[in-house]
Amino acid sequence: MTKEELVEIKVNLFEAYYACRRSKRNTNNAIAFELNYEQELFRLYEDIISYTYEPGRSIAFLVQKPVMREIFAATFRDRVVHHYLINQLNPIFERHFIYDSYSCRVGKGTLFGIERMEKFMRACSDNYTNDCYVLKLDISGYFMHINRVLLFVKVLRIVNRHYHAPDKPIIIYLLAKIIFQNPLDDCDIRGLAKEWDKLPRTKSLFYMPKGVGLPIGNLTSQVFSNIYLNDFDHFVKRDLKAHYYGRYVDDFVLMHRSKAQLIEWREQIRTYLKEHLNLDVHPKKEYLQHYGKGMPFLGGILKPHRRYVGPRALKSFNQLMHATGWIADYDFLSGTGDEKRHEQIVSYVGFMKHFKAHKQIAKYQLS
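Notes on the structure follow.

All right, on to empty space enclosed by the protein then. Inspection of the entire model under this criterion finds three cavities of 30 Å³ or more. As a volume, the largest cavity reaches approximately 70 Å³. In terms of lining, the largest cavity is formed by Arg 148, Ile 178, Ile 179, Gln 181, Pro 183, Gly 213, Leu 214, Pro 215, Asn 218, Thr 220, Ser 221 and Phe 224. Secondary-structure elements contributing two or more residues to the lining of the largest cavity are helix H7 (168-179) and helix H9 (219-228). Among the elements that make up the lining of the largest cavity, the one with the highest residue count is H9 (three residues). When the residues that make up the lining of the largest cavity are grouped by side-chain class, the tally is six nonpolar, five polar and one charged.

Let us look at the packing of helix H6 (residues 148-162) against H7. Any two packed helices are characterised by the angle at which their axes cross and by the distance between the axes. One can describe the packing of H6 onto H7 by two numbers: an axis separation of 10 Å at closest approach and a directional angle of 165°. As far as their axial angle goes, H7 and H6 are roughly antiparallel. Where H6 crosses over H7, the handedness of that crossing is right-handed. Taking contact as the criterion, the partners of Arg 148, Leu 151, Phe 152, Val 155, Leu 156, Val 159 and Asn 160 in H6 are, on H7, Lys 168, Ile 172, Leu 175, Ala 176 and Ile 179. Along the lines of polarity and charge, the residues of the contact of H6 with H7 split into nine nonpolar, one polar and two charged.

Reading guide: rules and limits
For every chain, the first residue of the written sequence is number 1, and numbering continues from 1 along that sequence. Two thresholds apply to this predicted model, a pLDDT of at least 70 for residue-level local features and 80 or more for giving and counting side-chain atom pairs, whereas whole-chain, interface and lining totals are computed over all residues. Only hydrogens and water are set aside; all other atoms, that is, all heavy atoms of the structure, feed into the side-chain values. In the cavity and pocket records, a cavity denotes points on a 1 Å grid over the protein atoms alone where a 1.4 Å probe fits but cannot get out, a pocket denotes an open set with protein on both sides within 12 Å along at least 5 of 7 lines, and lining residues are residues with an atom within 4 Å of a point. Grid points are joined across faces, edges and corners, and a volume is the space filled by probe spheres set on the points. Helix and strand labels come from DSSP, where a helix needs a run of H or I of at least four residues and a strand needs a run of E of at least two; each type is numbered from the N terminus. For this classification, Asp, Glu, Lys and Arg are treated as charged, while Ala, Val, Leu, Ile, Met, Phe, Trp, Tyr, Cys and Pro are nonpolar and the rest, including Gly, are polar. Think of each axis as a best-fit line through the C-alpha atoms, taken over the contacting stretch in the case of a helix, with angles from 0 to 180 degrees between the N-to-C directions. Each angle is binned into one of four classes, with values under 35 degrees roughly parallel, values over 145 roughly antiparallel, values of 65 to 115 roughly perpendicular, and all other values oblique. Each crossing gets its hand from how the near helix is turned against the far one by less than a right angle, where anticlockwise is left-handed and clockwise is right-handed. Every residue pair with non-hydrogen atoms within 4.5 Å of one another is taken to be in contact.

All quantities given are derived from atomic positions and should not be read as evidence of function.
Here it is as structure tokens:
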């Protein structure tokens, strides 16, 4: 590579570092990196251009909300590499995604997905004047069942065809390192073993076959999960010709005026996912109803002309507000008190203000 091309890699690494520290700056790992970040970035740069980079030791722990999940947190150094990869590749990835894939995409997200579903519901029902049915499906243990070889083939196909920057060999090298890293190797497990016993084995990498499963918690895993289902998205839109379809990670919705058509599509979807991706539709999370009965999606319940906060999100908000000693110790007017708890409240209230939830917000004098 030329001197100018090597300088560009350095610049891109610094940009990745600044993007990474915006979200992880207060962690111990990030603080240790920042104490001498220029030297740390130079070491990382040397490892990358010499093809000697190796991912570090992950930290494994459980989170309880909104549901129990197993998280593998990469080191701050590895997160910089994740941001470097996604910064370089996202422009070409975006050109391949359908419009109605909402997860981990700039300008999209949960609220965007909810608004799109409302638009679909109005269009499918002729502004709530005709019948329309909603089919909502979920993939069982999605991240835990992603085949890494198949994922790498899908990502590599896009990179080989559409990425032409001088650092292409380095990009491919880093992709292989990240995708094929086994986060179980020498991981630092935080928490008690008895807590892991409560987690279904289908939701833990510790019980997956070799080469199967992506760690939840990494930026790359979120983006790669979109790549893995991208061909499926195009199958639904192109082959099934489903006009009203949207997906957020492994949670997807189809609408049609014919209930029989949705049932037929459901079987075709099951077959495609099993034969092409070795994935299963969750048997207990299928929803097929008339739109008038409401549709649960992304923390909300969507009904004609209105939307409500879903019961799980509402329960979590109330539990947060009634945590031991919390309401007594918190000054709602000035926002003083536990800073982390305050940030959580602001996040919940910001989300709930987009729903018919005025009474819940006003109850705590937060409006």
